[in-house]
Amino acid sequence: MTFSHNISRLKNKSSNQWLVLGILLVSFNLRPSITAVGPLIPYIREEMSISNGLAGFLTTLPLLSFAIFSLFSAAIGDYFGKAKAIFLGLVVLGIGSIIRVSAGPYMLFFGTALTGIGIVICNVLLIPLVKARMPMKTGAVTGMYSTGMSLMAAIATALSVPLAIDLNWGWRGSLLFWSSLLFLALIVWWPQLKLSPKPKIKPEKPGKSVWRSRLAWQVTLFMGLQSFLFFTLVTWLPDMMIDRGLSPVEAGLTASLMQVVGLSGTFVAPFIAVRYQQQSIFNTIIGLIYVIGFSSLFISILWLNIISIGLIGLGMGASISLAYTLIALRTDGDNYTSALSGMAQSAGYFLAAFGPMLFGVAFDIWQDWDLLIYLMIIASTLFTYFGYHAGKNRTI
């Protein structure tokens, strides 16, 4: 009995190690297809002859895909099994990445939409999968998962222009390069298809609709506003820094610096969050960091801007992993976790989708970068308000 028990423990430990590695590799693929676009916008805009509004729509479009397909991702996970659905999401992401660089503007936008569908399936289902398979390690694995996303987002932002210009791959080759990470993720994730088979019994639906819960909306708006801040800034910060005198490569590195600094916040925030019953004060501090950082950008002094961008990055890194952690902390049971994950990423990303395009249209009209800073400060204030309430010790 003891020998067989030890063998079982070793098998479980080995399968969990493969699962953690698989989650890490999946996380590597969930941001580069979006964050690599921002520094390349001047080149895409020139070749495709599109406006700033349409250029911003390249970041808005995958977020709209997030918003729409978040509603169906939990059901897809129930039908196929979460692990198989995540594998399917990676395949769709790969197909979209190839299509968007294959032809003109229509294929660019169609492929971009497909990448968003693939990403959101993985986004929605990874959190409940972790909670179901490793409930005692939710904070640690969520921190690792969020850090993996942020790390590759930063690398993609930094390298997209050098790949396009220095290696002479053009913006198409630069965007396609990040698809190479998918193959490794698919290979490592393959064993999970057998370890997490399709459910034989249809999962019981939550007794209470999360869409009618005030707490669920507070978590959702917290999630949406942090995404609004991230995707708007990662899209337009490089262009703003170019306007302030930096080269395209330097501007991409500046945006990458923001994300690299944020890695510490991304990794540490879930560990801090799960140690306390309430996260309200922690969320408020992050909101104040945002407001201070964005306010400092009104002063066009490069060294001060770099410090401000680093401060903003710290807040962004902490807020993304906190948003995912709060989805797990504010729910009782896997069904509610999946439902809130879908809601938060659907309504939340729908809100976030307006950011890049909204500023792009505003800039086409007024040609004023201060509008970006005002927009970020308003969003940061709302983020602080909803973060305070989402951090209270309650569950759905």
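If you're wondering where the values come from, they're calculated on a predicted model, not measured in any experiment.

## What about the pattern of salt bridges?
Link 1 in the chain: Inspection of every chain in the model, using the stated rule, returns two salt bridges.
Link 2 in the chain: Of the charged contacts in the structure, one is a salt bridge between Arg45 and Asp239, with a shortest N-O distance of 3.3 Å. With Arg45 in helix α3 (residues 37-48) and Asp239 in helix α11 (residues 214-243), this residue pair connects regions lying 194 residues apart in the sequence.
Link 3 in the chain: Relative accessible area serves as the criterion here: at 21%, Arg45 is assigned to the partly exposed category.

## Some remarks on the nonpolar core
Link 1 in the chain: Ile23, Trp189 and Phe294 are the most contacted members of the largest nonpolar core, which has 122 residues in total.
Link 2 in the chain: The element that contributes the greatest number of residues to this core is α11, accounting for 16 residues.
Link 3 in the chain: Summarising the domain contributions, this core has at least three residues from each of domain 1 (12-196) and domain 2 (207-395).

## A few points about unusual backbone geometry
Link 1 in the chain: With phi around 60°, Asn168 is a residue other than glycine that occupies positive phi space.
Link 2 in the chain: Among the structural elements, Asn168 can be located in the loop between α7 (138-165) and α8 (170-177).
Link 3 in the chain: Backbone geometry places Gln367, a non-glycine residue, at a positive phi of 55°.
Link 4 in the chain: In this fold, Gln367 is placed in the loop between α15 (334-366) and α16 (370-390).

## Structural notes on the side chain of Arg100
Link 1 in the chain: Note on placement: Arg100 falls in the loop between α5 (82-99) and α6 (105-133).
Link 2 in the chain: Notably, Arg100 is buried but unbridged: the nearest opposite-charge side chain belongs to Glu47, and the N-O separation is 13 Å.
Link 3 in the chain: Only 3.0 Å separates the side chain of Arg100 from the backbone oxygen of Ser33, close enough to count as a polar contact.

## A few points about the packing of α3 against α7
Link 1 in the chain: As a packed pair, α3 and α7 sit with axes 8 Å apart at the nearest point and diverge in direction by 35°. Counting all contacts with α3, which are made through Pro39, Leu40 and Tyr43, the residues of α7 involved are Thr157, Ser160, Val161, Ala164 and Ile165.
Link 2 in the chain: Classifying every residue of the contact of α3 with α7 gives six nonpolar, two polar and no charged.

## Quick notes on the packing of aromatic side chains
Link 1 in the chain: Inspection of the entire model under this criterion finds 23 aromatic pairs.
Link 2 in the chain: Ring geometry for Phe359 versus Trp369: centroids 5.4 Å apart, planes at 35°, classification tilted. In this pair, Phe359 is assigned in helix α15 and Trp369 in the loop between α15 and α16, connecting sequence segments 10 residues apart.
Link 3 in the chain: Judged by relative accessible area, Phe359 falls into the buried class, the value being 2%.
Link 4 in the chain: Clustering of aromatic rings is evident, with ring pairs tying together Phe66, Phe230, Phe231 and Tyr349.

Here is what the cut-offs are and how they apply
Each chain has its residues counted from 1, following the order in which its sequence is written. Local features in this predicted model are restricted to residues of pLDDT 70 or higher, and side-chain atom pairs are both shown and tallied only at a pLDDT of 80 or more, whereas totals for entire chains, interfaces and linings draw on every residue. Computation of side-chain values: all heavy atoms of the structure, hydrogens and water removed. Any carboxyl oxygen of Asp or Glu that lies within 4 Å of a side-chain nitrogen of Lys or Arg is treated as forming a salt bridge with it. Helix and strand definitions follow DSSP, with helices as H or I runs of at least four residues and strands as E runs of at least two, each counted in order from the N terminus. Relative accessible area decides the class of each residue, using a 1.4 Å probe on protein chains only: under 20% of the type maximum gives buried, over 50% gives exposed, and in between gives partly exposed. Side-chain atoms within 4.5 Å link the members of a nonpolar core, which is a set of buried Ala, Val, Leu, Ile, Met, Phe, Trp, Tyr and Cys residues. Domain delimitation follows an automatic or database domain assignment. Within this scheme the basic residues Lys and Arg register as positive and the acidic residues Asp and Glu register as negative, but His and the chain ends are omitted. Contacts described as polar in this section are N or O atom pairs within 3.5 Å, which, within protein, must combine one atom able to donate a hydrogen with one able to accept it, while residues neighboring in sequence count only if both atoms come from side chains. The axes are straight lines fitted to the C-alpha atoms, using for helices just the contacting stretch, and the angles between their N-to-C directions are given from 0 to 180°. Whether two residues touch is decided by their heavy atoms; if any such pair falls within 4.5 Å, the residues are in contact. Charged residues are taken to be Asp, Glu, Lys and Arg, nonpolar residues to be Ala, Val, Leu, Ile, Met, Phe, Trp, Tyr, Cys and Pro, and polar residues to be all remaining types, Gly included. Each Phe, Tyr or Trp ring, with Trp reduced to its six-membered ring, pairs with another whose centre is within 6.5 Å; inter-plane angles below 30 degrees give stacked pairs, above 60 give edge-to-face pairs, and intermediate values give tilted ones.

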